[in-house]
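Residues per chain, in single letters:
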Amino acid sequence: MGKSLIDTDNAKAVAPRKKRERIQIMEVKSREEWFKLSRDQFGRPVWFVRVEVTGLRPRRFGPFSTKHKGLLFLDHLLNGVVDGMVDASNDLERYQVRRRCFGARAGHYPITEDELCSQWSR
């Protein structure tokens, strides 16, 4: 056969492109106050992520070489938080005020009360 335009015998193997890890759990766009730029002991820039949860003191995690790696860590952290929120919502009825159903009574208008106030009148 004739010669090909591309010499496949001498072609270099191309390494497969590494897939970039994606952020999946975060519901809101990141904000600048979440990040703190600092320098490590060699003078290279590093990033810290500030996490604040209601009821806990603010915490700083890092250092990360890029903001994206910090966001990947935050996404992983949020995955655990979401699991905890699902568990908490399953136990929510233990802590919530029970709802009272007020139906129509025979021959009378239905009773309408504020659910929160009615709990104290028992």
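Residues numbered from 1 in each chain as written. Predicted model: local features only at pLDDT ≥ 70, side-chain atom pairs only at ≥ 80, totals over all residues. Heavy atoms only, no water.

Asks: Explain the nonpolar core residue by residue, including any values.
Replies: Core analysis: the biggest nonpolar cluster contains nine residues, these being M26, W34, F35, W47, V49, V51, F64, L71 and L74. The set of elements that each furnish at least two residues to this core consists of β2 (45-51) and α1 (67-90). Tallying contributions element by element places β2 first for this core, with three residues. Look past the residues within four positions of F35 in its chain and what remains in contact with it is S30, W47, F48, V49, K67 and L71. (Core = buried A, V, L, I, M, F, W, Y, C linked by side-chain atoms within 4.5 Å. Buried < 20%, exposed > 50% of the residue type's maximum accessible area, 1.4 Å probe, protein only. Helix = DSSP H or I, 4+ residues; strand = E, 2+ residues; numbered from the N terminus. Contact = heavy atoms within 4.5 Å.)

Asks: Explain the packing of aromatic side chains to me, and be specific about the residues and the numbers.
Replies: The tally for this structure, following the rule as stated, stands at three aromatic pairs. A centroid spacing of 6.2 Å and a plane angle of 85 degrees characterise the contact between F35 and W47, whose relative ring orientation is edge-to-face. Highlighted residues: F35 in strand β1 (residues 35-39) and W47 in strand β2, separated in sequence by twelve residues. A residue is classified by how much of its surface remains accessible, and W47, at 19% relative accessible area, is buried. With centroids separated by 5.5 Å and ring planes inclined at 35 degrees, the aromatic side chains of F64 and F73 adopt a geometry described as tilted. One aromatic cluster is present, built from ring pairs that chain together F61, F64 and F73. The ring of F48 has R60 sitting right over it, with the charged end atom 4.4 Å from the ring centre. (Phe/Tyr/Trp six-rings, centres within 6.5 Å; stacked < 30°, edge-to-face > 60°. Lys NZ or Arg CZ within 6 Å of the ring centre and 35° of its normal.)

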